[in-house]
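# Examining the three-dimensional arrangement
As a plain string of letters, each chain reads:
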Amino acid sequence: MSSHYVITMPQLSDTMTEGVVVTWEKQAGDKIERGDIVATVETDKAIMDVEVFKAGYLAGPLAEVGATIAVSGALGYITDTQGDLAIATDEVVTEQAQTEMIPHHAGTPVVMPQLSDTMTEGIVVTWEKAIGDPIKRGDIVATVETDKAIMDVEVFQEGFLSGPLAGVGSTIEVGHPMAFIVADTTQVNDTEVMLSAEHKVIAAHHQKDHSAIITATPKVTMPAVTHPGAKPVARPTGRQASPYARKMAGEMGVDLSQLAGSGPAGVIVAQDVARARPSMAQVAHSLPQVEVPGSGRAMTSMEKAVSHAMTAALTLPTFDVTFNIKPEKLIAAAKARKVSVTVAIAKACSVAMLKHPMMNNCYQPVDKIVERSNHDFGVAVSADGGGLVVPILHNIEQKSLEQLQAEWTDLMPRARARKLSPNEYANPTFTISNMGMFGVTHFTAIPTPGIAAIMAISATGADGMPVNITGDHRVVNGAHVAAYLADLKKIIEQPESWLEVAPVSPIPEGDWDFPVIVLGGGPGGEDCARDLIEHGVKVAMINNALLPGGECLWRGCIPSKAWRHAADMIRDRSHDAEKGISGTNTPKLDWGVLETRRKAILQTRGEMALKTDKGVKIDVREGFASFVDDHTLHIQPLTGDAYTLRFGAAVIATGAPPFVPPIPGALEGLTSGGVITSDTIWNLASPPNKMAIVGGGVIGVEMAQIFRDFGCEIVMLEAQDRILAEVEEEISKQLTDILKAEFSVVTSAKISAISGTPGSMAIAYADANGKAARFDCDYVLMATGKRPDTSKLNLAAVGVALDGAAIKADVRSRTSVPHIYAVGDVVGGYMLAHTAATQGRVAASNLLGEDHVYNQDLDCGVTFSRPQAGFVGLSVTQAKTKGIDAVEAKMPMSIDAKAMISGETQGMIKLVADKATQKIIGVHFLAEHTDTLIGEAVMMVSAGMTLKQVAQAIHPHPTQTELFGELARRLLSRLRRTAKR
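Now for a description of the structure that goes with this document. (Residues numbered from 1 in each chain as written. Predicted model: local features only at pLDDT ≥ 70, side-chain atom pairs only at ≥ 80, totals over all residues. Heavy atoms only, no water.)

### Side note on the overall build of the protein chain
For the protein chain, the count of helices and strands is 21 helices and 52 strands. Evaluated residue by residue, the protein chain yields a buried proportion of 48% over its 981 residues. With an accessible surface of roughly 44800 Å², the protein chain has 54% of that area assigned to carbon and sulfur atoms. (Helix = DSSP H or I, 4+ residues; strand = E, 2+ residues; numbered from the N terminus. Buried < 20%, exposed > 50% of the residue type's maximum accessible area, 1.4 Å probe, protein only. Areas by Shrake-Rupley, 256 points an atom, 1.4 Å probe, with all protein chains shown as cover.)

Below you can see the structure in the form of structure tokens.
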């Protein structure tokens, strides 16, 4: 029987929680001696060697290169039996092989950066530093020429520049060293080498005396990655494949079942995958070559890139569709708005694409379609010295013409000089090429992998301007493109329908009682009405209660936090003794005092809100509103006779009531009062002794912990496989573990029946394994979310479309009826007070003729659990579904000094960034005081701050906000190192 020992990720420092596998210096089956280096890993501090002190043979499964492994997690294994390549799939290994981390012996390489997906090499243009020069963080050491631009090479490692250094004019493959940085001058190597276009060393010499050096560094070929970050593919049936081979196959779109394995016993290894999928250059060179006379010169980087890209384009099954469009009105409108015709056409293409989103998709090997909502359009321009560059206007669908023109004015001169950053030319979702300016009467453009269509614009003739689209038939068909071009023709020929010379309010002229009537007095309705009043628009707000505030004030945010505050005081006292404070650990809840205070807070805030609304001249009316026709509302007051009001535009902000699923006995329980909801829980005469909670969303989690702190026994039942589906998955999992230590949490629960009377209820259910159970309790809280109910609004009278139960509204809060808007819970999505308020302000802006959108990717939320869960923006998973190559860094609260002092060490903070732009696109929390910390994260994400900006910001110590800077620095460091490799 073989003996196995696990090689774990060592802990270099107290703050280190994980490391990233950089290389394996040994492979499965290799003999290992004490003191051997088996791998290198990247920590939050440096790149380190992993040295083992156990003799034997290396065995798998080995952690994949690029994998993030927690401290003490398994990197691989050592066996005492030769030929034993892997432990059994169900084997648990507890014996550890002693390991140690030692600094990596080599200098830090300065590598050729990959500035686009198509870039495979670059040429050294200049060295801004010489061998032996001191280097500081942020120094520019060289400039390189790529297929797209001339770029600075910035380094973030202090030390001294060292050789071997690639001489000016050398052609270097992406990821390969151009030079090195060493710690001190005694380590400096003064070698300079020249590399040919074939990446071979053709000359080498010492810089000091220029004496020739005979030896040359062998060339290493890197595989072309087409899907960075893709999941490893499954093991082929009946075959073995190394973990790294599976990872490469996922990134390169390779079918492992078609490969022959060259590893031990026929195992498929990385080299087999690398050989399976040729690069664009290899495809180009594999085509039949025709000999031609003359002496050829080597292509420039741009010429080679175009040649290889066009060869790759031959793999696309394309077709062409052409329309003639008359652009005169658009040209005149663009001139009036002082924007270029190029920008106006790009915006027109985006407007049309909102109706035909498949035009923005693309094919992804193998047999996948990437659906993209962001309109990032590339527009071809001529570069100085020849060739084409395609700068990108990003997120056209969200920006005004003036914003786009400002960006275009900045992009154009830098594009011509080939001085764009990678994010400014890489990965367009649609491309526009205009050769009409050169008098070309007709041409077709060639799409390249990554887009579904490219548009070619020719010179205007008697029949109009020929607009041709070449489409990828795997993504779109002729009918799709024809329908898109037909709508684009209308949009360009009738620019007045979307391109106003000046902001124009969509509120129609007429003899109205009110230009705008808002239905609902919650956060969405109030903020909308107040914004409109501030701009001089006469507004009525119809509210179905005596005081405004909606669910947030009366049945949601405010009353629940009053309970939460009382529960916090009870919970916090239980930890006082740990901090040296005695005699405070027996607090007693006085329910009567708590309820009197809670109700007083609600009443005071409701009266304040009404006073403010009336003070700014909003006509606040009590009653229920429903539509009679396009411009008439029927108003039924709380008391008195009904009447009608005429309106120019309306904003629906009527919220959503609690949803009760069709569980046997639930409706009967609602009638008797034994089943309560987030609307009726406030009527409890006292805290129950036992309560079942159906639903593990925000309401369920908050109420569960509140009443647990009040002394109630809780059972939480969630139908999904995890609680808090709206928060990041790891955050949800860690919070679940915390909650399970306090009360019973059953996920994947199936509830069969609810029965009983108030004070004596029972709920029958089964867990994920089908095991039946019953919980006897005082009440059942139905915390299964909310669902809009528009049945009493008579929307059919005006033709407002629904999306399921919710009103269908766009990012500008517009419904299917141009003068009727909808905001807040009634439109679905995030049912949060601040979301409703934001959408209310968006609706007001658009009713005033401005262009304002709600961007859910910038929204946020806090669950007032203990610790509090929160999010701003996107998770890595959400980002990747949108086609964003996202990366994250995380830190446990247990390493934070302030958290240690206060004894609040549970949880973590995660920072998510776009790898291409290094902008922070998400922050995720499980921490005490998330409600305070999240403010800074909101500003980071909404302002599009970069990792560098946050890393360089000065945060006070000791506070938990300094974790943001540490996370940004950690992620920056990782991105720099992985980019070099």
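### Structural notes on the state of the cysteines
In total, this model carries zero disulfides according to the counting rule given. Distance from the sulfur of Cys 712, which forms no disulfide, to the nearest cysteine sulfur (Cys 777) is 8.7 Å. (Disulfide = S-S within 2.5 Å.)

### Considerations on the nonpolar core
Formed by 51 residues in total, the largest nonpolar core has its most connected members in Cys 349, Phe 430, Met 455, Tyr 484 and Leu 488. Considering each element in turn, this core owes the most residues, eight residues, to helix α6 (residues 341-353). Not counting chain neighbours up to four residues away, the residues in contact with Cys 349 comprise Phe 377, Phe 430, Ile 432, Met 455, Tyr 484 and Leu 488. Grouped together as the second largest cluster of nonpolar side chains are 38 residues, Met 691, Met 703, Ile 731 and Val 745 included. (Core = buried A, V, L, I, M, F, W, Y, C linked by side-chain atoms within 4.5 Å. Contact = heavy atoms within 4.5 Å.)

### Remarks on the environment of Leu 62
Within the secondary structure, Leu 62 is located in the loop between β6 (56-59) and β7 (68-70). Taking relative accessible area as the criterion, Leu 62 reaches 12% and is therefore assigned buried. Between the C-alpha atom of Leu 62 and that of Ala 86, which follows or precedes it by 24 residues, the distance is 8.6 Å.

### Section: the sheet that holds strand β42 (residues 760-766)
Within the open sheet, the three strands sit side by side as β41-β42-β43. Their pairing is antiparallel. The sheet terminates laterally at β41 (750-757) and β43 (772-777), the two strands that pair on one side only. Neighbour-to-neighbour, the strand axes of this sheet turn through a mean angle of 15°, independent of strand direction. Bridge analysis of β42 against β43 gives six bridges, and the strand direction is antiparallel. The residue bridging Ala 766 from the neighbouring strand is Ala 772, located in β43. (Pairing = 2+ DSSP bridges. Axes fitted to C-alpha atoms, helices over the stretch in contact; angles between N-to-C directions.)

### A few points about the pattern of salt bridges
Enumeration over the complete set of coordinates arrives at 43 salt bridges. Residue Asp 568 pairs with Arg 866 through a salt bridge whose shortest N-O separation is 2.9 Å. Note that Asp 568 is positioned in helix α11 (residues 557-573) and Arg 866 in the loop between β48 (860-863) and β49 (868-873), a separation of 298 residues in sequence. Residue Arg 866 is classed as buried on the basis of its relative accessible area of 8%. In this structure, a network of salt bridges that share partners links the residues Arg 564, Asp 568, Arg 571, Asp 572, Asp 709, Glu 742, Arg 866 and Glu 928. (Salt bridge = Lys/Arg side-chain N within 4 Å of Asp/Glu carboxyl O.)

### Describing the side chain of Ser 845
Along the chain, Ser 845 turns up in helix α16 (residues 833-847). What makes Ser 845 buried here is its relative accessible area of 11%. Those residues in contact with Ser 845 that sit more than four places away from it in its chain are Glu 850 and His 852.

### Here's the deal with α16
Spanning 15 residues, α16 covers 21 Å between terminal C-alpha atoms, matching the ideal 21 Å at 1.5 Å per step. Within α16, eleven of the 15 residues are buried, which leaves it mostly tucked inside the rest of the structure. Where α16 is concerned, the buried positions are Thr 835, Ala 836, Ala 837, Gln 839, Gly 840, Val 842, Ala 843, Ala 844, Ser 845, Asn 846 and Leu 847. Where the residues of α16 are buried, they touch β31 (514-519), α9 (523-534), β36 (643-652) and β47 (820-822). (Expected span 1.5 Å × (residues − 1).)

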